[in-house]
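Chain and residue survey
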Amino acid sequence: MKEVYYGFSDQVLTDSGGKMHIRFDSVSEDDINNASSIDKIIEKDSIIIDITVEKEKIHEYILDLPKRKRIENRWFKISRNGDDLNAIFHNCNRAQNIPENIKICNPRYLAPTEDIFKKILKIFKCPDQKTIPKALENEISITSDPACVKCVNVGQGNCNIILNEEGCPLYYYDFGCRIGRDAKSYPINDDFCFPSTAFVVLSHWHLDHFINFKKHPDVLKLKWIVPPLGQYSIGKTHLELIYNLMENNNLFLLDNQRQRLNTKHFEILSLKKWGTNKNNSGLVMFIKLPHEGSFNVLLPGDASYKHIPLGFNLNGLVASHHGGRTCKNDKFPSACPTRNIIAYSYGKDNIYKHPIQKVVENLENAGWRNRYDTLVNGDIYIPQGTNAEKNHKVIKVYKQI
Ligand SMILES: [Zn+2]
Ligand SMILES: [Zn+2]
């Protein structure tokens, strides 16, 4: 018997070899048929289905796909136990969390005229963004100055924590981790603490930047500042995050093009209104670390550097898009020649081959010489050797006892 799923194409990435990697955030057909309300559907399992196909043959692999249709942010029917394509199946709700290799039938594009699509759209509709409160400076309480940025080793994904001198988290930028085909079994850091005054800034709506809330639901007790959503549909896991946060009045939107949220020690910049490219429709963050003279860190998420206006010298950078390609002819930000550190956040044997050698070279040419990689170095502290880092490690050891 074929198990049927409906998948929202959260991420589509074509590599330099012409291979297209598609990630579906999926729900089972039974769960959709039995969904009496949104509350019921968000309790169901989040199933990640990853496939890799040749871009040239995409219309052979995906049935009924209209010509020139973008593949990202659409809905597809996917049947398990087929013979057509290799896929990775990862149930993110199960405790063991181990992805399986499976065979599926060719996914089929769901046309807007189909009844099942209409049903899906009713459930997975973006909430009216006018009803989400705007992120304002007075919503966030900064209890102390930032002292360093920790780029957490979460495998292929992103999670950065801004720590104070005592080593306590002030705020998070992204709360993602490895999933699907990237969820290989090797140790990654999984030790988080969530002081009630901390908050989360989400860079953009790709799953590898926020899905760790499934494993650490306490993060939903914090306020989240998020970029605009699409106009029509979102995936199951996106819906789960949004509704959980809305229920606790913890969801705040920073949506206007070039809108900035400015405080003494950081700035959040909204790149633009939601466009077709999620990576460039998000929030980037500048951190100014006062204890280190003027040590400025840029957290770009997966955005192209050329979309980020740089007002000052940079000392620290978490490389955009895990060191992958951002766009053609990107403008790489220059590093301060006397003091700089760059962190690359990516996972072992990731299929996208991040970081891309050419991108690393471009960043080196822009002056970024002190390189650290989460895969090699584990958690990375920017800058290195601060009291914040030492205190944070002590807190962690203490917590483990
Ligand atoms: Zn992304
Ligand atoms: Zn990413």
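For clarity, every value in this text was computed on a predicted model and none was experimentally measured.

Rules used throughout
Residues numbered from 1 in each chain as written. Chains lettered and ligands numbered in written order. Predicted model: local features only at pLDDT ≥ 70, side-chain atom pairs only at ≥ 80, totals over all residues. Core = buried A, V, L, I, M, F, W, Y, C linked by C-beta atoms within 7 Å. Buried ≥ 20, exposed ≤ 12 C-beta atoms within 10 Å, placed from the backbone. Domains from an automatic or database assignment. Contact = placed C-beta atoms within 7 Å. Pairing = 2+ DSSP bridges. Helix = DSSP H or I, 4+ residues; strand = E, 2+ residues; numbered from the N terminus. Axes fitted to C-alpha atoms, helices over the stretch in contact; angles between N-to-C directions. Nonpolar A, V, L, I, M, F, W, Y, C, P; charged D, E, K, R; others polar.

Quick notes on the nonpolar core
Val-200, Val-201, Trp-224, Ile-225 and Met-285 are the most contacted members of the largest nonpolar core, which has 102 residues in total. Both of domain 1 (4-123) and domain 2 (129-400) provide at least three residues apiece to this core. When neighbours within four sequence positions are excluded, Trp-224 is seen to be in contact with Phe-199, Val-200, Leu-202, Leu-245, Asn-250, Leu-251 and Phe-252.

Observations concerning the sheet that holds strand β14 (residues 266-270)
Here we have seven strands laid out as an open sheet, ordered β13-β14-β15-β16-β17-β18-β19, and mixed in their pairing. The open sheet terminates on both sides in strands that have one partner only, identified here as β13 (260-262) and β19 (371-373). Between one strand axis and the next, the sheet turns by 15° as a mean value, whatever way the strands run. Of the pairings in the sheet, the one linking strand β15 (residues 283-289) to strand β16 (residues 295-299) comprises five bridges and is antiparallel in character. Each residue of the ladder has a partner; that of Leu-289, found in β16, is Phe-295.

Structural notes on the domain arrangement of the chain
Taken domain by domain, the chain consists of domain 1 (4-123) and domain 2 (129-400). For domain 1 versus domain 2, the distance between C-alpha centres works out to 27 Å. Only β1 (4-14), β2 (19-28), α2 (38-42), β3 (47-54) and β4 (75-91) provide two or more residues apiece to the side of domain 1 that touches domain 2. Taken together, the residues of the side of domain 1 that touches domain 2 break down into twelve nonpolar, eight polar and six charged.

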